[in-house]
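Residue-level structure breakdown
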Amino acid sequence: MGKLLLAPMEGLVDDLLRDVLTRVGAYDLAVSEFIRVSGNLLPPRAFRRLCPELDNGSRTRAGTPLVVQLLGSDPACMAENAAQLVELAPAGIDLNFGCPAPTVNRHGGGATLLADPEQLLRIAAAVRRVVPAEIPFTAKMRLGVRDTAKTLDCARALAAGGIVALVVHARTRTDGYRPPAHWEWIARIRAVVETPVVANGEVWTVADHARCCAVSGSDDVMIGRGAVADPFLARRIRAQAAREVVAVDRSDDWRQLQPLLASYWQQVCAKVAARHAPGRLKLWLGSLRRNFVEAEALFMAIRTLAGVEEISRVLALHGISAPTPSA
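Residues numbered from 1 in each chain as written. Predicted model: local features only at pLDDT ≥ 70, side-chain atom pairs only at ≥ 80, totals over all residues. Heavy atoms only, no water.

So, on to the packing of helix α13 (residues 293-302) against helix α14 (residues 308-317). Two elements in contact, α13 and α14, have axes whose closest approach is 10 Å; the angle formed by their N-to-C orientations is 150°. Judged on the interaxial angle alone, α14 and α13 are roughly antiparallel. Crossing angle aside, the handedness with which α13 passes α14 is right-handed. Packed against α13, whose contacting residues are L298, A301 and I302, the element α14 presents I311, V314 and L315 at the interface. Considered class by class, the residues forming the contact of α13 with α14 number 6 nonpolar, no polar and no charged. (Axes fitted to C-alpha atoms, helices over the stretch in contact; angles between N-to-C directions. Helix = DSSP H or I, 4+ residues; strand = E, 2+ residues; numbered from the N terminus. Parallel < 35°, antiparallel > 145°, perpendicular 65-115°, else oblique. Left-handed = near helix turned anticlockwise from the far one by under 90°. Contact = heavy atoms within 4.5 Å. Nonpolar A, V, L, I, M, F, W, Y, C, P; charged D, E, K, R; others polar.)

Structure representation (structure tokens):
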């Protein structure tokens, strides 16, 4: 089967959740949250703060390579920061042309750049000149801003700019995250560029992965929200490909997930201010409810709680034990 990539998800999958998800799932690589480039040369600590894996050979603790993603609109500034990042030896450098967030788009970054294929080419070519061949240089795009009128031109521009692979989130900026994902457009993009194309969007299950590959023609798939909602999804996809039995009952998966939830909670409490830590756990549990009835029960039990100690006590009652963090 092809590769499975863990998607970058701003405000959701940081280094702590990447640690957990790559310990469970068999991902070939992960891509970081975007690092915004907005006119200044970022110091090395800025890259390390969002991507502490850079100090571990650009790998998660489970050994999954981490590609660092940059977001910006100025070719020279993007190139200057990419050159700075190269010194930290990332497992790869990716350019973000897919973020639909209004705050990002208002400043000319992310998916809004899909209105100008020539600017995509300028940015990619400028970064390509400073990234050595041994560091994979990739990009991620959506199908367009409001429609698909420039989809193929954008893909051609990025390929001409020197990327070695292109991830396509098969929705426009206007689509946001509303289903469906238009996987058929990935097949059209594959027909006009020689660069390998990775499919992305609306893969929540093993069956979704199979349909995505069949419709898009791509064996390589990037998984985002589906990976957060089901940390075992990559493993289940690989089991299906190996013609192994994929269990319908998820109780064993939940038992395996319990110590990882405990580890995540412990790490969050050590890194995040106490007033913000509960929200991080609730956010992940809110996604896990899609696949695990136990997560639904746990989410409801802590939904109104705001203190880390009381949440830790409730977690222990649900079989999720970790050293109680200080408030």
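So, about the environment of G226. Within the secondary structure layout, G226 lies in helix α9 (residues 225-229). Separated by 64 residues in sequence, G226 and R290 place their C-alpha atoms 9.5 Å apart.

For the rest of this paragraph, the subject is the nonpolar core. Counting 106 residues, the largest nonpolar core has L70, L95, F97 and W284 as the members making the most contacts within it. Element by element, the count of residues in this core is highest for helix α11 (residues 251-271), at 9 residues. Leaving out residues up to four positions away in the same chain, L70 has contacts with I35, V37, F47, M78, A82, L85, I93, D94, L95 and N96. (Core = buried A, V, L, I, M, F, W, Y, C linked by side-chain atoms within 4.5 Å. Buried < 20%, exposed > 50% of the residue type's maximum accessible area, 1.4 Å probe, protein only.)

What follows deals with the sheet that holds strand β1 (residues 4-6). Pairing within the closed barrel is parallel, and its 8 strands lie in the order β1-β2-β3-β4-β5-β6-β7-β8. The sheet shows a mean angle of 30° between the axes of neighbouring strands, taken without regard to direction. Where strand β3 (residues 66-71) meets strand β4 (residues 93-97), 3 bridges bridge the pair, whose relative direction is parallel. Bridging from a neighbouring strand, Q69 pairs with D94 of β4. The strands touched by helix α5 (residues 117-128) are β4 and β5 (137-141); relative to β4, the strand with the most contacts, the crossing angle is about 165°. (Pairing = 2+ DSSP bridges.)

So, on to the packing of aromatic side chains. By the definition in use, this model includes 2 aromatic pairs. With a centroid separation of 5.7 Å and 45° between ring planes, the pair formed by W254 and F292 is classed as tilted. Of this pair, W254 sits in helix α11 while F292 sits in the loop between α12 (277-288) and α13, and the two are 38 residues apart along the sequence. Note on accessibility: W254 and F292 belong to one class, buried. An angle of 75° between the planes, with centres 5.0 Å apart, marks the rings of Y264 and W284 as edge-to-face. Note that Y264 is positioned in helix α11 and W284 in helix α12, a separation of 20 residues in sequence. Take Y264 and W284: they sit in the same class, and that class is buried. Positioned over the ring face of W185 is R188, at 4.4 Å from the centre of the ring. In this structure, R290 packs its charged tip against the face of W204, placed 3.7 Å from the ring centre. (Phe/Tyr/Trp six-rings, centres within 6.5 Å; stacked < 30°, edge-to-face > 60°. Lys NZ or Arg CZ within 6 Å of the ring centre and 35° of its normal.)

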